[in-house]
Amino acid sequence: MEITAVAPSTRTVPRGLVPASAVLGGTLLSLVGLTWDIQWHSDVGPDTFFTLPHLFLYAGSAVSGLASLLVVLMTTADAKRARAVDPIVGGRAVGVFGRTFAAPVGYLISGTGAALFLVYGLWDQWWHGLYGFDAVIDSPPHIGLLLSISITMVGAVMIFAVARDQRWGVYGAVAAAAALLVFSMVTSLGLRAVPAAFASPVSIGTAFFSVMILFMAAHALDRRGGALAVGVSVAVLQAVFWWFSPWAAKVYADATGLPLRDYTDGIPGLPNMIPMCLVGVAVAVELLHRLPVWIPGAAGGAVIAALVPVQRVLVHGGSFPVNARYLTTIVLAAAFGALAAMLGRRFGHMLRHLAPAKENSHA
Amino acid sequence: MRKTLLGLLGAAALLFGLATPALAYEPVNIVHTEKVQAGPYDLTVGFSTWPVKAMQSLDFTFAPEDGIADKTGKLTMFYGQKEFDDSPLARHPRKREVWGLDIHAMPAQGTWTFRFDIDGPAGPATGELKNLQVMEQPGPPMGLSWAISTIPLFGLIAFIVIAWRRTRPASR
């Protein structure tokens, strides 16, 4: 009887995967909401608190936040009962408010980001009461909200990096880092507030965050190819959002009976903020790994900043002047790229310390 | 199970019932108008708040007396003497019978000029709304608003510094 010979399935979901996926899923909801919302404002316009893109943004932080809270409460309960806490779930537990809570450090960060999102939501409401429903992405409260979501995304990277010796940990860390990189392209718009007529702070910020996250990924995993995996994942997100954002804005406009704006060009807003050269930079990061990190970092930063206006011309048409401001931007992006590479490598090492692997038992 | 479902449905109904006013798109309420003569075209510029304050968003409407159907145009904004921006005159998304700018904020305090280049049955013509005074921004100084808004960033940096110090021995 073959049936009796087959052992009952003992495959279970790896420990830590479910809450980690919930946090990552929440961050991806936020990302979808953001690209949709940006496109909505450029292609359609009318806004309320409860538009569908807004609900995605709120839901993203809610899902990540509740998953984080649940893990912290369960870890606290385990700690109170003096049960062993498995650090594969979000890393070592740290005491919060004295020893009131025991929070795995990854979930502490992701949950803190989600809690901050609530606080900055109130700050944003107050702001809109005073300034009207300004549909500008880079108002101070919006940057506060974007930073809060970014913190949740950093937490997601940490949560998966802890499990980097398992396949799901590697895939999750790459996906979470890609989401953080894409999101950071929008957060960088806050740098418009930096008064610098001699260079473009946004281009420099774009180069800085891109290089930093690529190097972080290159050094956080046990194997080579982390930077390339993140670069390719970002390109996939860019391609999917390139199609999704204008499509979703149009479908939602049709569903709510709203017309598209006159003179809408339909160019995807968020996807076009992502440097298209990122895969090339990621390949360079992988190939030049024997060089001191600041060299590929500086080169990557310079290339990204140099190609920002080229990409704009490719997508929107027109031309751009090769002037002192452009050249200064490239030089500064090279300097910041070098710094970003060094920081990224260090952050990669810090992520490795989170893991309960053999090499880190002393940390 | 049924109780749970009913409870959830009730909560959803309550949420969306209460949220209904927030789901409605705001109508465009014009509280102040100015007249602009662009050659043969009489243009009424409408503002949904008055006076205009820097960074405070409002709806602008640009309405030729006999409609926009057979006309096209361009709006150019000047801050003082300096050209700031230009764009084709597009229908207001929430008031489609006129041109307009929806929830648009003037970025800086000072004197602004709107120049309208209109082309229609009576040929091309230009008119200007001069001396549009944009008042000081409301609310706290921007430095304070930015300081409040970047607390998460500085919190993250502080966390990184702590983590950096704790992981130093293993750094190469």
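Going by the structure above, here's the rest.
A brief structural summary. Nothing here was measured: the structure is a model prediction, and the numbers come from that model.

With that settled, the discussion passes to the overall build of chain B. Check the secondary structure of chain B and you find 3 helices and 10 strands. Mapped from its N terminus to its C terminus, chain B presents α and β elements in the order α-β-β-β-β-β-β-β-β-β-β-α-α. Within chain B, the fraction of its 172 residues that count as buried is 35%. A fraction of 57% describes how many contacts in chain B between residues 6 or more apart in sequence connect residues 24 or more apart. A total accessible area of about 10000 Å² is found for chain B, and carbon and sulfur atoms account for 61% of it.

All right, on to the environment of Val240(A) then. When you line up the elements, Val240(A) lands in helix H8 (residues 226-255). Each C-alpha atom, one on Val240(A) and one on Asp134(A), is 28 Å from the other, the two residues being 106 residues apart in sequence.

This part covers the pairing of strand S9 (residues 110-120) of chain B. Residue and element names in this part refer to chain B. Pairing of strand S5 (residues 72-79) with S9 involves 8 bridges; the strand directions are antiparallel. Bridging across to S9, Tyr79 finds its partner in Trp112. As judged from the 10 bridges shared by S9 and strand S10 (residues 123-135), these two strands associate in the antiparallel manner. For Trp112, the partnering residue across the bridge sits in S10 and is Leu132.

This brings us to unusual backbone geometry. Looking along the chain, the bond that leaves Trp50(B) and enters Pro51(B) is cis, with omega of 0 degrees. Within the secondary structure, Pro51(B) is located in the loop between strand S2 (41-47) and strand S3 (52-53). Unusually for a residue other than glycine, Phe97(A) sits at a positive phi of about 50 degrees. Here Phe97(A) is to be found in the loop between strand S1 (93-96) and strand S2 (101-104).

This part is about the interface of chain B and chain A. Taken residue by residue, the interface counts 41 residues in chain B and 48 residues in chain A. Interface area, chain B with chain A, both sides summed: about 3700 Å², of which 69% is carbon and sulfur. For the interface between chain B and chain A, the tally reads 2 salt bridges. With its nearest N and O atoms 2.8 Å apart, the salt bridge here joins Arg91(B) to Asp262(A). The interface formed by chain B and chain A includes 11 residue pairs in polar contact (both at pLDDT 80 or more). Going through the elements one at a time, helix H1 (2-23), strand S8 (95-105), helix H2 (142-149) and helix H3 (151-166) of chain B are the ones with two or more residues in the side of chain B that touches chain A. Residue contributions to the side of chain B that touches chain A peak at 8 residues, all from H3(B). Grouping the amino acids of the side of chain B that touches chain A by side-chain chemistry returns 26 nonpolar, 9 polar and 6 charged.

Take helix H5 (residues 140-162) of chain A next. Residues lying three or four places apart along an α-helix face the same way, a consequence of the helix completing one turn every 3.6 residues. Under the 1.5 Å per step criterion, the end-to-end length of H5(A) is 33 Å for 23 residues, consistent within 8% with the ideal 33 Å. Burial runs high along H5(A): 23 of the 23 residues are buried.

So, about the pairing of S5(B). All names here are of chain B. When S5 meets strand S6 (residues 82-88), the two strands line up antiparallel, connected through 6 bridges. Across the sheet, Phe78 pairs through a bridge with Glu83, a residue of S6. Here S5 folds back onto S6, and the loop between the two strands holds 2 residues, one of which, Gly80, carries a positive phi near 65 degrees.

Let us now look at the sheet that holds strand S1 (residues 32-38) of chain B. All names here are of chain B. As summarised here, the arrangement of the 5 strands in space is S1-S2-S4-S8-S7, forming an open sheet in which the pairing is antiparallel. In this open sheet, the two edge strands, each paired with only one partner strand, are S1 and strand S7 (91-92). Where strand S4 (residues 57-64) meets S8, 5 bridges bridge the pair, whose relative direction is antiparallel. Note on S8: the bridge partner recorded for Phe62 is Trp99.

Time to look at the packing of helix H11 (residues 324-354) of chain A against H3(B). Running from N to C, H11(A) and H3(B) cross one another at 70 degrees; their axes reach a closest spacing of 10 Å. With respect to each other, H11(A) and H3(B) are oriented roughly perpendicular. Here H11(A) and H3(B) pass one another in a crossing that is left-handed. Counted together, Leu343(A), Arg346(A), Phe347(A) and Met350(A) of H11(A) and Ile160(B), Ala163(B) and Trp164(B) of H3(B) form the full contact between these two elements.

Here we take up the side chain of Thr113(B). Residue and element names in this part refer to chain B. Relative to the assigned elements, Thr113 resides in strand S9. A relative accessible area of 13% means that Thr113 is categorised as buried. In contact with Thr113, not counting residues within four places along its chain, are Thr76, Met77, Phe78, Glu128, Leu129, Lys130 and Asn131.

Once that is clear, we can look at the pattern of salt bridges. Enumeration over the complete set of coordinates arrives at 13 salt bridges over all chains. We note a salt bridge from Asp102(B) to Arg261(A), for which the minimum N-O separation is 2.8 Å. Residue Asp102(B) is found in strand S8, and its partner Arg261(A) is found in the loop between H8 and helix H9 (278-287); the two belong to separate chains. Classification of Asp102(B) by relative accessible area gives buried; the value is 12%.

Turning next to the packing of H5(A) against helix H6 (residues 167-187) of chain A. Helix packing for two helices is described by the angle between their axes and how far apart those axes are. Residues and elements named next belong to chain A. Relative to each other, H5 and H6 sit at 165 degrees, their axes nearing to 8 Å. The pairing of H5 with H6 is recorded here as roughly antiparallel in orientation. Crossing angle aside, the handedness with which H5 passes H6 is left-handed. For the pair H5 and H6, contact is made by Ile143, Leu146, Leu147, Ile149, Ser150, Met153, Val154, Ala156, Val157, Phe160 and Ala161 and by Trp168, Gly169, Gly172, Ala173, Ala176, Ala177, Ala179, Leu180, Phe183, Val186 and Thr187, respectively. Of the residues contributing to the contact of H5 with H6, the split by class is 18 nonpolar, 4 polar and no charged.

The strand order across the open sheet built from 5 strands is S3-S10-S9-S5-S6 (chain B), with neighbouring strands paired in mixed fashion. Only two strands of the sheet have a single partner each, and these edge strands are S3 and S6 of chain B.

Let us now look at the packing of aromatic side chains. All names here are of chain A. Under the definition given, this model contains 27 aromatic pairs over all chains. Look at Trp36 and Phe56: their rings are 5.4 Å apart centre to centre, the planes differ by 65 degrees, and that puts the pair in the edge-to-face class. Note that Trp36 is positioned in helix H2 (residues 17-43) and Phe56 in helix H3 (residues 52-80), a separation of 20 residues in sequence. Aromatic side chains Trp243 and Phe244 sit 6.3 Å apart centroid to centroid with 55 degrees between the ring planes, which places their arrangement in the tilted category. Since its relative accessible area comes to 51%, Trp243 is described here as exposed. Residue Phe244 is classed as buried on the basis of its relative accessible area of 15%. In this structure an aromatic cluster arises from ring pairing among Trp36, Trp40, Phe56, Phe241, Trp243, Phe244, Trp247 and Tyr252.

Cut-offs applied
- Residues numbered from 1 in each chain as written.
- Chains lettered and ligands numbered in written order.
- Predicted model: local features only at pLDDT ≥ 70, side-chain atom pairs only at ≥ 80, totals over all residues.
- Heavy atoms only, no water.
- Helix = DSSP H or I, 4+ residues; strand = E, 2+ residues; numbered from the N terminus.
- Buried < 20%, exposed > 50% of the residue type's maximum accessible area, 1.4 Å probe, protein only.
- Contact = heavy atoms within 4.5 Å.
- Areas by Shrake-Rupley, 256 points an atom, 1.4 Å probe, with all protein chains shown as cover.
- Pairing = 2+ DSSP bridges.
- Buried area = accessible area lost by both parts, 1.4 Å probe.
- Salt bridge = Lys/Arg side-chain N within 4 Å of Asp/Glu carboxyl O.
- Polar contact = N/O pair within 3.5 Å; in protein donor to acceptor, adjacent residues only side chain to side chain.
- Nonpolar A, V, L, I, M, F, W, Y, C, P; charged D, E, K, R; others polar.
- Expected span 1.5 Å × (residues − 1).
- Axes fitted to C-alpha atoms, helices over the stretch in contact; angles between N-to-C directions.
- Parallel < 35°, antiparallel > 145°, perpendicular 65-115°, else oblique.
- Left-handed = near helix turned anticlockwise from the far one by under 90°.
- Phe/Tyr/Trp six-rings, centres within 6.5 Å; stacked < 30°, edge-to-face > 60°.

Keep in mind these numbers describe shape, not what the thing actually does.
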